[in-house]
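Here's the letter readout for the chains.
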Amino acid sequence: MKMLIGAMTLALCGLASAQVTPPDVARHQQQELKRGDPPRWSQPDRTQAAQLATLRKEINAALREALETCKQQGAGANSACVKEAHQIARNDLSNQREINLASRDLSKTYETSGK
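Reading guide: rules and limits
Residues numbered from 1 in each chain as written. Predicted model: local features only at pLDDT ≥ 70, side-chain atom pairs only at ≥ 80, totals over all residues. Heavy atoms only, no water. 1 Å grid on protein atoms, 1.4 Å probe; cavity = no way out; pocket = protein on both sides within 12 Å on 5 of 7 lines; lining within 4 Å. Points joined across faces, edges and corners; volume = space filled by probe spheres on them. Helix = DSSP H or I, 4+ residues; strand = E, 2+ residues; numbered from the N terminus. Nonpolar A, V, L, I, M, F, W, Y, C, P; charged D, E, K, R; others polar. Salt bridge = Lys/Arg side-chain N within 4 Å of Asp/Glu carboxyl O. pLDDT = per-residue confidence, 0-100. Buried < 20%, exposed > 50% of the residue type's maximum accessible area, 1.4 Å probe, protein only. Polar contact = N/O pair within 3.5 Å; in protein donor to acceptor, adjacent residues only side chain to side chain. Contact = heavy atoms within 4.5 Å.

Draft legend 1. Representation of the layout of surface pockets in the model. Taken as a whole, the largest pocket holds about 340 Å³ of empty space. Breaking the lining of the largest pocket down by element, the ones donating at least two residues are α3 (48-73) and α5 (96-109). Forming the walls of the second largest pocket are I59, A62, L63, A66, C70, C81, E84, A85, I88, A89 and D92. Those elements that place two or more of their residues in the lining of the second largest pocket are α3 and α4 (75-94). The element best represented in the lining of the second largest pocket is α4, accounting for 6 residues. The class makeup of the residues in the lining of the second largest pocket is 9 nonpolar, no polar and 2 charged.

The following block contains the structure:
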């Protein structure tokens, strides 16, 4: 009996976790993909304030990704991983002007846009 209940529970969990995209949402997604990237995504930040704002967004996104990776490592390594991720983000935020200058210098040296 317990095996039957366990099997039924497992099957229900599998059904509950399956995601089905509604047809109207799927059509909208396909239309968006056909249009391609918005032009603003390929326009460089012209001012230093805009460049620093973008850099802050990138640092925070990297922190979120690192924290997600820490969650997947399990409870034992989680604490040290989280501390390290936050420390790296703090260091990057405190050095964002230097990082921004270095990235601008690299983009001039290694042009990858094909223009």
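That was the structure; now back to the text.
Draft legend 2. Spotlight on the pattern of salt bridges. Overall, the coordinates contain 1 salt bridge when judged by the stated rule. Note that R35 is salt-bridged to E32, the shortest N-O span being 2.7 Å. Residue R35 and its partner E32 are located together in helix α2 (residues 23-35), separated by 3 residues, close to a single helical turn.

Draft legend 3. Here's a closer look at the confidence of the model for the protein. Across the protein, the average pLDDT comes to 80, with 74% of residues at or above 70. Across the protein, the element-wise mean pLDDT spans from 56 in helix α1 (residues 2-17) up to 92 in α3.

Draft legend 4. Region of the structure containing the side chain of Q51. Examined against the element boundaries, Q51 turns out to sit in helix α3. Overall, Q51 belongs to the buried group, its relative accessible area being 14%. A polar atom in the side chain of Q51 sits 3.2 Å from the side chain of N100. Q51 has contacts with D45, R46, N100 and R104, leaving out every residue within four places of it along the chain.

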